[in-house]
Structures are given as structure tokens and as C-alpha cells.
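Below are the chains, spelled out letter by letter.
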Amino acid sequence: MTQIEQSTVPAGAGAGALPTGEFPVVERMRGLRSRWPSGSGVAVFNEAYLGVVERAGPDFGGRGPDDRDAAPLGVRCAERYLSAVETATAGGRPPECWRPLLPYRRHPGVRPLQFALSGLHAHIGHDLVLAVVDRCHALGCAPPELDGEFERMGDLLVSLEERIHEDLMPGPELLGIADPLTHLVSSWSLERAREAAWSAARVLWRLRGFPSLAEEFRQRTDAGAGLVGRFLLTPCR
């Protein structure tokens, strides 16, 4: 099996199997609370993400009428994130896009909002890309057929971004217009990140017949998401 084929199946999940039990994605997110100290980079993102998916329910990301045996896009995307963090927790090597969030988890100059945005970008720029490919393999379809589901997943990501800003953005009494954090936050766009993820997923799907090129593209996508994540974690105080 080539690396790119291996990368399309998160640890602990089959290519087309819906997880059993009581919404295990949420239970795994809750379990991370005891593994990462409160206020650490991963914990900040995890808490925001958990709050959104708990409200969305087990089919967050959408499910079509004829794919009852396939995990929906939102679940696959969350499994990608959980696999990365659980790999790091076990001392393994997570995808490059998630690595910037780990060494900076105690940096005094990085605000919680930055941790959350860095995690959100890694989730969109890497996890969502591979989740779309996973979904296509499971259903035997091309990315354009998932357009509606991708849009619904986009709505969930918008909710996550809104929660991050509402809960973590410092108030005007603490954040002046010249504060570097103001510039940093305004420089990142969820919409542009989603558009790039959709394009990357379509390219990766088209490269499935060329395993070495597909794996190289996946690595470049991962590295690019990691680079943006590092910029978002630039100390602002």
C-alpha cells in the first residue's frame, strides 16, 4: 500500500465504516480534556471544536439518503484531527500542519485566539482535504458530487470560527487597533482557506492513479498548512 493510500484512512477507522457507540468522535474529544492541560494550544482548539460538534449532533457535516453505511464528511474530518492529536499524545509524529500547535502550547506571548485559529487552519488546510478524498473513496464518487455536503461542512466551520471569536477575542478595552493580534486575525480568511481546501481535494483525487505524485502533493499541502499555522502563532505580546 502506498503512503497516499495509507493517508486516506485515519487510525482506528475503516474506509467506509460508521463508528459505533454513542457518537465516539465527541467522546474522544472529551477524553482529550484530561490529556492536555487547560489553556494549552490543543486544549483551546479542542474545547471550541467540541462545543460546536456537540450542538451539531452525530451527522454533522451532512449525510445523504443513500449512504447510511458511510461516515459523513464532518465525522471523517474530525477523525483526522483526533488521529493527529492522539498520535502526538502517544509520542508519535503527527502531520506537519499540527506540529506548530504543540511546541507553542505554553508560550506566554501567544494568545488563546491564535491557538484556536492555528488549529482551525490545520483542520481546514489538511484534514478537510483528506476527508473529502476519504469520502470519495467510500462512496465511489468524485469531489463535485460532494459539493452540497462540503457546503454544509463549511457552515459548521463558520460556526466554529464564530465561537472562537466570541469566546477568545479580547475586548476593545484590552485590544487596541494597533495591537499585532488585530492585524494577524484580519489577515486570515476562512473563506479563502475553504476554497483552497476544495481545490486541493479535487487535485488529490485526480492524482489517485499516480501514487508518488499524489503523496508528494499531500505532503506539500500538509507543509503549506503548517507554514500558515506557524505565522498564526507569531507571539503578539
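Residues numbered from 1 in each chain as written. Predicted model: local features only at pLDDT ≥ 70, side-chain atom pairs only at ≥ 80, totals over all residues. Heavy atoms only, no water.

*Asks:* Mind showing me how you'd approach helix α7 (residues 180-187) here?
*Replies:* Within an α-helix, residues lying three or four positions from one another point in the same direction, as the helix has 3.6 residues per turn. Within α7 the residues assigned to the buried category are L181, L184 and V185. When α7 is viewed along its axis, its buried side chains cluster within an angular range of 95 degrees and face the same direction. Projecting away from the buried face of α7 at angles above 90 degrees are the exposed residues H183 and S186. Among the structural elements, α5 (112-139), α6 (147-168) and α9 (211-232) are those in contact with the buried residues of α7. (Buried < 20%, exposed > 50% of the residue type's maximum accessible area, 1.4 Å probe, protein only. Helix = DSSP H or I, 4+ residues; strand = E, 2+ residues; numbered from the N terminus. Arc of directions from axis to C-beta. Contact = heavy atoms within 4.5 Å.)

*Asks:* What's the story with the confidence of the model for the protein in this structure? I'm lost.
*Replies:* As a note on interpretation, predicted positions should not be read in detail where pLDDT is low. Per-residue pLDDT for the protein averages 83, and the proportion of residues at 70 or more is 80%. Ranking the elements of the protein by mean pLDDT puts helix α1 (residues 3-7) last with 39 and helix α8 (residues 190-206) first with 98. In the model, residues 1-21 has pLDDT below 50 throughout and makes 46 contacts with residues more than four positions away in sequence or in other chains. Confidence over residues 64-69 falls short of pLDDT 50; this stretch has eight contacts with residues more than four positions distant or in other chains. (pLDDT = per-residue confidence, 0-100.)

*Asks:* What is the right way to read the environment of V133 from this model?
*Replies:* Mapped onto the fold, V133 is located in helix α5. Residue classification places V133 among the buried residues on the basis of a relative accessible area of 4%. Sequence separation of V133 and R202 is 69 residues, and the distance between their C-alpha atoms is 8.1 Å.

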